[in-house]
Amino acid sequence: MISILSAAILGFNYFVGFYFGVVNVIYSLLLTLALVVIFRHLKRIKYSALSEVHDSTQTPPVAILIPVHNEEEVVLRSIRSALQADYPFFEVIVINDGSSDNTLKRVIDEFRLRRIDRIYRRTLVTKSVKGFYYNLETPNLLVIDKEKGGKADALNCGINASRSPYFCSVDADSVLEKDALLRVMTPLLESSVPVVASGGVVRVLNGLRLNEENEIEEIDLPQNPLLLFQIVEYIRGFLFGRVGWDSLNALLILSGTFSLFHKATVADAGGFKVGNVSEDMEMVVRLHRHMRKAGKPYRICFVSDPICWTEAPDTFSMLARQRRRWHLGLMQSIAENREMIGNPRFGRIGLIVIPYYILFEILGPVIEFVGYVCVLLSYAVGLLSVDFLLLFITLAIFYGVFLSTAGIFLEELTFRRYPRWRHLFRLLLYGVFENFGYRQINTFWRFQAFLQYWLGRRSWEYVENKGTNGTNGTKDGAAWTM
Amino acid sequence: MQDKIIIIVILAIIAILVTLTVGLFFASILRRGLHDRKYRELDRLRSRYRAMVLEALASGRISSLWIDLSAPPASSAWQAVEEVLLTLMTDGKHSSETAALFAALGYPAFYEKRLTDRNAQARAQSVNKLGKMKNSASVPLLIPLLDGQNREIASVTVRALGNIGGNTALGAIVDRLPHLIGNGLVAGKALETTLLAFGPEAAPALIGRLTGDLHPHAAAIALEVLSRLPADERTISLAAERLGHENPEVRSKALKVLGRPEHLSSRPDLSGRIAPLLRDPVWYVRLQAIRSLSALKCAESMAELGALVSDEKWHVRNEAARALLLLGDCSLDFLIEALTGRDQYAKDSICEEIESTNFHALLIGHLAANDDSLRDKSLRILEIMYTLGFSIPLEEYRNSVHGAPQNGDKAEGQVTGL
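Residues numbered from 1 in each chain as written. Chains lettered and ligands numbered in written order. Predicted model: local features only at pLDDT ≥ 70, side-chain atom pairs only at ≥ 80, totals over all residues. Heavy atoms only, no water.

A. Structural view of the overall build of chain B. The secondary structure content of chain B amounts to 26 helices and 0 strands. In terms of principal-axis extent, the alpha carbons of chain B reach across some 95 × 65 × 60 Å. Within chain B, the proportion of its 418 residues that are buried is 49%. Partitioning the contacts of chain B with sequence separation of at least 6, the portion at a separation of at least 24 is 64%. Here chain B displays about 19600 Å² of accessible surface, and carbon together with sulfur accounts for 55% of that area. Averaging the locations of the 47 positively and 48 negatively charged side chains of chain B gives two centres separated by 10 Å. (Helix = DSSP H or I, 4+ residues; strand = E, 2+ residues; numbered from the N terminus. Buried < 20%, exposed > 50% of the residue type's maximum accessible area, 1.4 Å probe, protein only. Contact = heavy atoms within 4.5 Å. Areas by Shrake-Rupley, 256 points an atom, 1.4 Å probe, with all protein chains shown as cover. Lys, Arg positive; Asp, Glu negative; His and termini not counted. Charge placed at Lys NZ, Arg CZ, Asp CG, Glu CD.)

Structure representation (structure tokens):
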């Protein structure tokens, strides 16, 4: 019996070693691809059509959709930031999703809005709309007050009310850089293949100083180590994860914090899925499914220079909730589109990308967590020597440090949004530190989400938005709690 | 033995990772240092050259400047001079002098040489630079690039030719519209933007191209551009001929060309040719037909517009309602007819448009009119709006006349029946 157990543990250890090797090879490939693509993109920026798009009367209008639920401390900041977008034709639609605080009142008072009669055409089914608010002095701002239905429902409501062919979803705790909308729109206008969705980079807002017009006055790093770890993580995730997948035309995730969509295609695909805790990812997976089924050529692309700054959780408990929610959303999104798994009809998305996400992103934390336990158990029962144990841990940590440093190097090569020398040194340092505890905790949270999913808990865990960088004080607000 | 091999392999991987990490660590620091130095130097050179160029331009001694500004290609000084001159070129005040300076300093020649570079991005960058320098002498070298199959090069070349301008560049793009569109080399919006940048001069070339057999998408692009340029009799005739085109996009764009008040007033026969398209099977053609007719404020089409407020597409319903409202008081009967009909969608669309176009103010004004018929019709419409839940205009009216409660109460009382 003991020999069978020992053989099983040993076998699993070899499997973990093999799995670890495959994951690292894939990451290294993505990193290499990202390096090539980013270099090309940097050259391409020099001759991009940005100014032509800006000046052209042919640039299509875009609706910026801001769904809000109990965000009274941050909502004004994000609306003002959206209204300042440097884009020729856009409307801002704020959807108040049944807030129980003063969110709606603050917006109405600030922009002196008045109630208007407007027909609500329910192209996508949503909860009831209670009213529309508008002011001719700010003609491109419309506020919709509706019954609570969740973020996906609020976005669907915004899609129904919008009259623009494209819409951009922006979180209420986020600040857009002035030219972000223009930059994220440019590939849609330059591509001869229809682009149905396009996403930009999301960065951590905490630490930035904004002026009274909610423009970024000074970029600085926060003091909180948890936020610094997240900054390194965001840089790595956006600059090589997404860029790498985008180069293969196989992008499965666009951040709902800042993404642009072709409205008619989203509506044809059925709109955002209510009840999914990660409606942005589910939407992208479904768009792939919809377009591939229809046999139409399309692109879903990621652009690495438009930037949206968003608030990151600054406590362990909030961060844990966010990460569990993200992992749960990933599992839900793939489960709801399981028809695509390994199905050649869906091309590389069905044959490569989704299997990758299942094997390495969904199961990764489970294998990693069980692997840690097994390795320690092997050591305890004498199946593994100290040398092996230390070597294995050293290898894992050094590979993590390498990836983090590579991410920061990519940032340095490209956009250098953190301008001071001390920023660079701190980021490099935290790229090393994050491998000693932070990454392991993250794995544990994702493992928790995996367990919760199989135990049937599939609800949204709320994350507080503090509005710490804006002009609106520091009192806690709360996002969706459904 | 096997364990030892595994340990050696892992140690080797760790050694490689450490080397790479340390390399990237120092590369990040080094790159930042080098960049800081490079941009400090560029800033200094830019401000120095900018002052020199502006002074020379002010004193008219621009020809003596080229010796001071000469620099080896790709050096910091070369880059600084180029950026200063491109900024002046964009400002548009000294375009000819700047173009002459560029030529004297050898910039166009440098980038023209790079048009044959094996690297497509280097070629695209050079094309873009030549376009920004508005170097018309480069046009013959740029035109053949439109014939290739590289999308990036084709797109940048179209934009560069648009920047340079001139009939040769325009003719080259227009002649190649079928190739550029048919092979998906340049996006439609990008072509429209570029062609519009040529201004009214683009019209004759586009008209010339439209007279032949043209790819429907290319024809739609040409008509879209023509709809935004001053049009002559030939344009109008060409557009009118394409009202019967089999492609709905072409029909819709042709309607857009015709839907300008000056065209319709000079050619009263056009409204008769547009009207049948109100019954087009494609909704966006019907929409455009309404827009074109509403530009004419053509009372003869009122009956057909009235029918379209019950269209299956809400865009068409709203546009039809808006067109009726633009006709003013003479459309009141049609509005009442639609508002007392059974089609709830039509009623909603009309009420929404009455509010959004501020037509309700006119109706409220009519409540005090001497003309009984006008007053009754307006009252009837306001009553229906109130019962359909479009009560805000009236509530606002009541609030606005708060200082004169009798008037407000009277109007509200009339409408609500209270």
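B. Examining the interface of chain B and chain A more closely. With 56 residues of chain B in contact, the opposing surface of chain A contributes 45 residues. With both chains or domains summed, chain B and chain A bury close to 4700 Å², and 60% of this area falls on carbon and sulfur atoms. For chain B, the biggest contributors to the area lost against chain A are B:Arg32, B:Gln121 and B:Arg159; these three give 16% of the whole. Along the contact surface separating chain B from chain A lie 6 salt bridges. Where A:Arg44 meets B:Glu152, a salt bridge forms, and the shortest distance between an N and an O atom there is 2.6 Å. Between chain B and chain A we count 19 residue pairs in polar contact (both at pLDDT 80 or more) in total. Counting only elements with at least two residues in the side of chain B that touches chain A, the list comes to α1 (2-59), α6 (120-132), α8 (151-164), α11 (188-197), α20 (314-326), α22 (344-356) and α25 (392-400) of chain B. No other element matches α1(B), which puts 21 residues into the side of chain B that touches chain A. (Buried area = accessible area lost by both parts, 1.4 Å probe. Salt bridge = Lys/Arg side-chain N within 4 Å of Asp/Glu carboxyl O. Polar contact = N/O pair within 3.5 Å; in protein donor to acceptor, adjacent residues only side chain to side chain.)

C. Just unusual backbone geometry, in detail. Residue and element names in this part refer to chain A. The backbone of Asn70 shows a phi angle near 50°, a positive value even though the residue is not glycine. Inspection of the secondary structure assignment puts Asn70 in the loop between β1 (62-68) and α3 (75-83). Taking relative accessible area as the criterion, Asn70 reaches 12% and is therefore assigned buried. One non-glycine residue, Asn249, lies in positive phi territory at about 50°. Here Asn249 lies in the loop between α7 (225-247) and β11 (258-262). On the basis of relative accessible area, Asn249 is assigned to the partly exposed category, the value being 22%.

D. Just the packing of aromatic side chains, in detail. Residues and elements named next belong to chain A. Taken as a whole and judged by the stated rule, the model has 31 aromatic pairs over all chains. With centroids separated by 5.3 Å and ring planes inclined at 25°, the aromatic side chains of Phe167 and Phe261 adopt a geometry described as stacked. Remark: Phe261 occurs in strand β11 and Phe167 occurs in strand β6 (residues 166-170); sequence separation between them is 94 residues. Residue Phe261 is classed as buried on the basis of its relative accessible area of 1%. (Phe/Tyr/Trp six-rings, centres within 6.5 Å; stacked < 30°, edge-to-face > 60°.)

E. How the structure looks around the sheet that holds β11(A). Residue and element names in this part refer to chain A. Pairing in this open sheet of 10 strands is mixed, and the strands run β3-β4-β5-β2-β1-β6-β11-β8-β12-β7 from one edge to the other. The open sheet has two free edges, formed respectively by β3 (114-116) and β7 (174-176), since each of these has just one partner strand. Across the sheet, the mean angle from the axis of one strand to that of its neighbour is 30°, orientation sign disregarded. (Pairing = 2+ DSSP bridges. Axes fitted to C-alpha atoms, helices over the stretch in contact; angles between N-to-C directions.)

F. Just the packing of helix α1 (residues 2-45) of chain A against helix α12 (residues 364-380) of chain A, in detail. Residues and elements named next belong to chain A. Between α1 and α12, the least distance of the axes is 10 Å, while the angle of their chain directions is 135°. Compared by their axis directions, α1 and α12 come out oblique. α1 and α12 meet at a crossing whose hand is left-handed. On α12, the residues touching Ile9, Phe12, Asn13, Phe15, Val16 and Tyr19 of α1 are Gly364, Ile367, Val370, Gly371, Cys374, Val375, Leu377 and Ser378. Taken together, the residues of the contact of α1 with α12 sort by class into 10 nonpolar, 4 polar and no charged. (Parallel < 35°, antiparallel > 145°, perpendicular 65-115°, else oblique. Left-handed = near helix turned anticlockwise from the far one by under 90°. Nonpolar A, V, L, I, M, F, W, Y, C, P; charged D, E, K, R; others polar.)

G. Layout of empty space enclosed by the protein. Going through the model one piece at a time under the given rule, you end up with 4 cavities of 30 Å³ or more. For the lining of the second largest cavity, the class distribution of residues is 4 nonpolar, 2 polar and 3 charged. (1 Å grid on protein atoms, 1.4 Å probe; cavity = no way out; pocket = protein on both sides within 12 Å on 5 of 7 lines; lining within 4 Å. Points joined across faces, edges and corners; volume = space filled by probe spheres on them.)

H. Looking closely at a nonpolar patch on the surface. Residues and elements named next belong to chain A. On the surface, Tyr379, Val386 and Leu390 cluster together into a nonpolar patch covering about 270 Å² of accessible area. Structurally, the position occupied by Tyr379 is in helix α12. Among the residues examined, Tyr379 registers a relative accessible area of 38% and is labelled partly exposed. (Patch = residues over 30% accessible without salt bridge, like charges linked within 9 Å, V, L, I, M, F, W, Y side chains within 5 Å.)

I. Looking closely at the pattern of salt bridges. In total, this model carries 48 salt bridges over all chains according to the counting rule given. When the shortest N-O distance is used, the salt bridge between A:Glu361 and A:Arg446 registers 3.4 Å. In this pair, A:Glu361 is assigned in helix α11 (residues 347-362) and A:Arg446 in helix α15 (residues 438-454), connecting sequence segments 85 residues apart. When the shortest N-O distance is used, the salt bridge between B:Glu224 and B:Lys256 registers 3.1 Å. Separated by 32 residues along the polypeptide, B:Glu224 in helix α13 (residues 216-226) and B:Lys256 in helix α15 (residues 248-258) bring together distant segments of the chain. Given the relative accessible area of 2%, B:Glu224 is considered buried.

J. Spotlight on the pairing of strand β4 (residues 129-134) of chain A. Residues and elements named next belong to chain A. Direction of pairing for β3 relative to β4: antiparallel, over a ladder of 3 bridges. In the sheet register, Arg115 faces β4, and the bridge partner there is Tyr133. The turn linking β4 back onto strand β5 (residues 141-146) is made up of 6 residues.

K. Seen up close, the environment of A:Val274. Residues and elements named next belong to chain A. Tracing the backbone shows Val274 in the loop between α8 (263-268) and α9 (279-294). For the pair formed by Val274 and Asp153, sequence separation is 121 residues and the distance between their alpha carbons is 5.8 Å. For Val274, the contacting residues outside a window of four places in its chain are Gly149, Ala152, Asp153 and Asn156.

L. Here's a closer look at the nonpolar core. A:Ile64, A:Ile66 and A:Leu181 are the most contacted members of the largest nonpolar core, which totals 160 residues. Ranked by residues supplied to this core, first place goes to α7(A) with 13 residues. Those residues in contact with A:Leu181, other than ones at most four positions away along the chain, are A:Val62, A:Ile64, A:Ala85, A:Tyr87, A:Phe90, A:Cys168, A:Phe258 and A:Leu260. Core analysis: the second largest hydrophobic core is formed by 124 residues, B:Ile62, B:Tyr111, B:Val186 and B:Ile290 among them. (Core = buried A, V, L, I, M, F, W, Y, C linked by side-chain atoms within 4.5 Å.)

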